[in-house]
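Listed below are the residues making up each chain.
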Amino acid sequence: MATTAAPGPTPSAGPHEGSPHAAPAPAPQPAPATRSVANRSAPVNKLGVAAVAVTVVLWASAFVGIRAVGPSFSPGSLTLGRLAIAAVVLGAVVLPKLRNLPRGREWWPILAYGVMWFGGYNVALNAAEHMLDAGTAALLINVNPILIAVMAGVILKEGFPRWLIIGSLIAFAGVAVIALGSGQRSTADVLGVLLCLLAAVLAAVSVIVQKPVLRKFPAAQATWFGIMIGALCCLPFSGQLVGELQQAPLPATLGVVYLGIFPTAIAFTTWAYALSLIDAGKLAATTYLVPGTTILISWLVLGEVPTVWGLVGGVICLVGVGLTRRKSR
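As the structure is a computational prediction, the values presented were derived from the model and not from experiment.

Cut-offs applied
- Here, residues in each chain are numbered from 1, in the same order as that chain's written sequence.
- Restriction of local features to residues with pLDDT of at least 70 applies here, the model being predicted, together with a cutoff of 80 or more for giving and counting side-chain atom pairs; totals for whole chains, interfaces and linings are based on all residues.
- Each side-chain value is worked out from all heavy atoms of the structure, with water and hydrogens disregarded.
- Secondary structure elements are defined from DSSP: runs of H or I of at least 4 residues count as helices, runs of E of at least 2 residues count as strands, and each element is numbered from the N terminus.
- Note on classification: 1.4 Å probe, protein chains only; a residue is buried when its accessible area is under 20% of the maximum for its type, exposed when over 50%, partly exposed between these limits.
- Throughout, a residue-residue contact means that at least one pair of heavy atoms, one from each residue, lies within 4.5 Å.
- Only the protein chains shown count as cover for residues, with accessible areas throughout obtained via the Shrake-Rupley method and a probe of 1.4 Å.
- As used in this record, nonpolar core signifies buried Ala, Val, Leu, Ile, Met, Phe, Trp, Tyr and Cys residues forming a set joined through side-chain atoms within 4.5 Å.
- Side-chain rings of Phe, Tyr and Trp, where Trp is taken by its six-membered ring, are said to pair if the distance between their centres is within 6.5 Å; with planes under 30 degrees apart they count as stacked, over 60 as edge-to-face, and otherwise as tilted.
- Every axis in this analysis is a line fitted to C-alpha atoms, fitted for helices over the stretch in contact. Angles between the N-to-C directions lie between 0 and 180 degrees.
- Note on angle classes: values under 35 degrees are labelled roughly parallel, values over 145 roughly antiparallel, values of 65 to 115 roughly perpendicular, and the remainder oblique.
- The handedness criterion is simple: a crossing whose near helix is rotated anticlockwise from the far helix by less than a right angle is left-handed, and one whose near helix is rotated clockwise is right-handed.
- Basically, the charged four are Asp, Glu, Lys and Arg, the nonpolar ten are Ala, Val, Leu, Ile, Met, Phe, Trp, Tyr, Cys and Pro, and anything else, Gly included, counts as polar.
- pLDDT is a per-residue confidence score from the predictor, ranging from 0 to 100.
- Residues with no salt bridge and a relative accessible area higher than 30% make up the patches, which join like charges within 9 Å and nonpolar side chains (Val, Leu, Ile, Met, Phe, Trp, Tyr) within 5 Å.
- A side-chain nitrogen of Lys or Arg and a carboxyl oxygen of Asp or Glu constitute a salt bridge if their distance falls within 4 Å.

Trainee: Before we move on, could you go through the overall build of the protein and cite the residues and values that matter?
Mentor: A count of helical and extended segments in the protein gives 13 helices and zero strands. Within the protein, the fraction of its 329 residues that count as buried is 45%. Looking at the protein alone, contacts between residues at least 24 apart form 90% of all its contacts between residues at least 6 apart. Accessible surface for the protein amounts to roughly 16400 Å². Of this, 71% is attributable to carbon and sulfur atoms.

This is the structure we're talking about:
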């Protein structure tokens, strides 16, 4: 758009004032191009919002699914089962279109988030949920968006928009209300707290590491690479998984299949797609909606009636996430 050869009015001058020279015809030409760029950006934003919505709902359903299958599967074997199923399902989509593999140093960030997020995060979170009540776990895991916002501002140079910080703090307060209003009051095991915080840190670092990868590879491919690496890391749990599958009831096994297809293969791909379109800090703030959505799904699926505190906290989270979408001037 910036190149021109004629000494007269250049196309790049079109968006500004008209040229005093002859040939006014070229001047209006850039205007349609400008409008077309604006029109192209609108569908991208809508697709990004849709991807975020799918991610939030499916990740929220994962908490319900993990709780349902938890008695039948240990943390490591559950992680391996999820990743193995996700690798097969997503591989069927990615492999026919895969033309180029990462080369050289391109593997390092993929290895990093594959090990930390798909492997370490899931094992740590599954283990933590065996020791902590749901409210405490939700509160601790939702340190993650704040960590992402800080690291994105420093490492990815996204800055610290005022409304992002204000909205994040309000949304975090909503999560705290949900946690404080949790009906369960089991003692928070110190190891469980540490594992939950470890999971939050691993997820936050992984988001920052994954962001540049999405400039080179499509979301589905970047996700599949990470899933494969995470599954390889969890292979030591394969014997445990086989033994537990033989003893697990059919609904629990189907629950693992669900976790592998929907919250893993699909949701991590929609997350990666949204991350390729939206700043990491702003995208991470939307995950404050996960605890409230989890309460709603538990209500509908498991018949667990939410407390007043849970409903109030969910509304506060919605307000906070809404504020993060405002633009600072």
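Trainee: Describe in detail the environment of Phe237, supporting the description with residues and values.
Mentor: Take Phe237: it is sitting in the loop between helix H8 (219-233) and helix H9 (238-247). Expressed as a C-alpha distance, the spacing of Phe237 and Ser74, which sit 163 residues apart in the sequence, is 9.3 Å.

Trainee: Outline the environment of Glu129, supporting the account with residue identities and numerical values.
Mentor: Relative to the elements of secondary structure, Glu129 occurs in the loop between helix H3 (107-128) and helix H4 (134-141). A relative accessible area of 22% means that Glu129 is categorised as partly exposed. Distance from Glu129 to Cys196, taken between C-alpha atoms, is 8.1 Å for residues 67 residues apart in sequence. Apart from the residues within four sequence positions on either side, Glu129 is in contact with Phe63 and Ile66.

Trainee: Just give me the short version of the side chain of Thr264, but keep the residues and values in it.
Mentor: In this structure, Thr264 sits in helix H10 (residues 250-277). When neighbours within four sequence positions are excluded, Thr264 is seen to be in contact with Arg82, Leu83, Ala86, Ile227, Leu259 and Thr269.

Trainee: Tell me about the nonpolar core, and name the residues and values.
Mentor: Side chains that are nonpolar tend, in soluble globular proteins, to be buried together. Ranked by internal contacts, the top residues of the largest apolar core, which has 70 residues, are Phe73, Trp117, Tyr121 and Ala280. In terms of nonpolar packing, the next biggest core, distinct from the first, is built from seven residues, Ala149, Ala171, Ala285 and Cys317 among them.

Trainee: Residue-level account of the side chain of Thr269, with values.
Mentor: Mapping Thr269 onto the fold places it in helix H10. In contact with Thr269, other than residues within four places in its own chain, are Leu90, Ala219, Ala220, Thr223 and Thr264.

Trainee: For the packing of aromatic side chains, give the residues involved together with the corresponding values.
Mentor: Inspection of the entire model under this criterion finds 12 aromatic pairs. Geometrically, the ring pair formed by Trp59 and Trp117 is edge-to-face, given 6.4 Å between the ring centres and 70 degrees between the ring planes. With a gap of 58 residues between them, Trp59 in helix H1 (residues 30-69) and Trp117 in helix H3 connect regions that are remote in the sequence. With relative accessibility at 4%, the residue Trp117 sits in the buried group. With a centroid separation of 5.0 Å and 25 degrees between ring planes, the pair formed by Tyr258 and Phe262 is classed as stacked.

Trainee: Report on the packing of H3 against helix H7 (residues 190-213), specifying residues and quantitative values.
Mentor: Remark: H3 packs on H7, axes separated minimally by 8 Å, with the N-to-C direction vectors making an angle of 155 degrees. When the interaxial angle is binned, H3 and H7 end up roughly antiparallel. Here H3 runs over H7; the crossing is left-handed. Of the residues that constitute the contact of H3 with H7, the class distribution is 21 nonpolar, four polar and no charged.

Trainee: Kindly report on the confidence of the model for the protein, identifying the contributing residues and their values.
Mentor: On average, the protein scores 78 in pLDDT, and the residues at 70 or more come to 74%. Predicted confidence for residues 1-23 stays below pLDDT 50, and this span has 12 contacts to residues more than four positions away or in other chains. Across residues 25-44, where pLDDT falls below 50, the model places six contacts with residues more than four positions away in sequence or in other chains.

Trainee: Can you explain the packing of H8 against H10? Please cite residues and give values.
Mentor: Packing of H8 against H10 brings their axes to within 8 Å, and their N-to-C directions diverge by 130 degrees. Taken together, the axes of H8 and H10 lie oblique to each other. The two elements H8 and H10 cross, and the hand of that crossing is right-handed. Contacts from Ala219, Ala220, Thr223 and Ile227 of H8 reach H10 at Thr264, Ala265, Phe268, Thr269, Ala272 and Tyr273. The residue makeup of the contact of H8 with H10, split by class, is seven nonpolar, three polar and no charged.

Trainee: Tell me about a nonpolar patch on the surface, residues and numbers included.
Mentor: Together, Val54, Tyr258, Phe262 and Ile266 make up an exposed nonpolar region whose accessible area comes to about 280 Å². Looking at which element gives the most residues to the nonpolar patch, the answer is H10, with three residues. Inspection of the secondary structure puts Val54 in helix H1.

Trainee: Please set out the environment of Ala60 residue by residue, giving values where relevant.
Mentor: Tracing the sequence through the fold places Ala60 in helix H1. By relative accessible area, Ala60 is classed as buried at 0%. Between the C-alpha atom of Ala60 and that of Thr294, which follows or precedes it by 234 residues, the distance is 4.6 Å. Here Ala60 is in contact with Val290, Thr293, Thr294 and Ile297, once residues within four sequence places are set aside.

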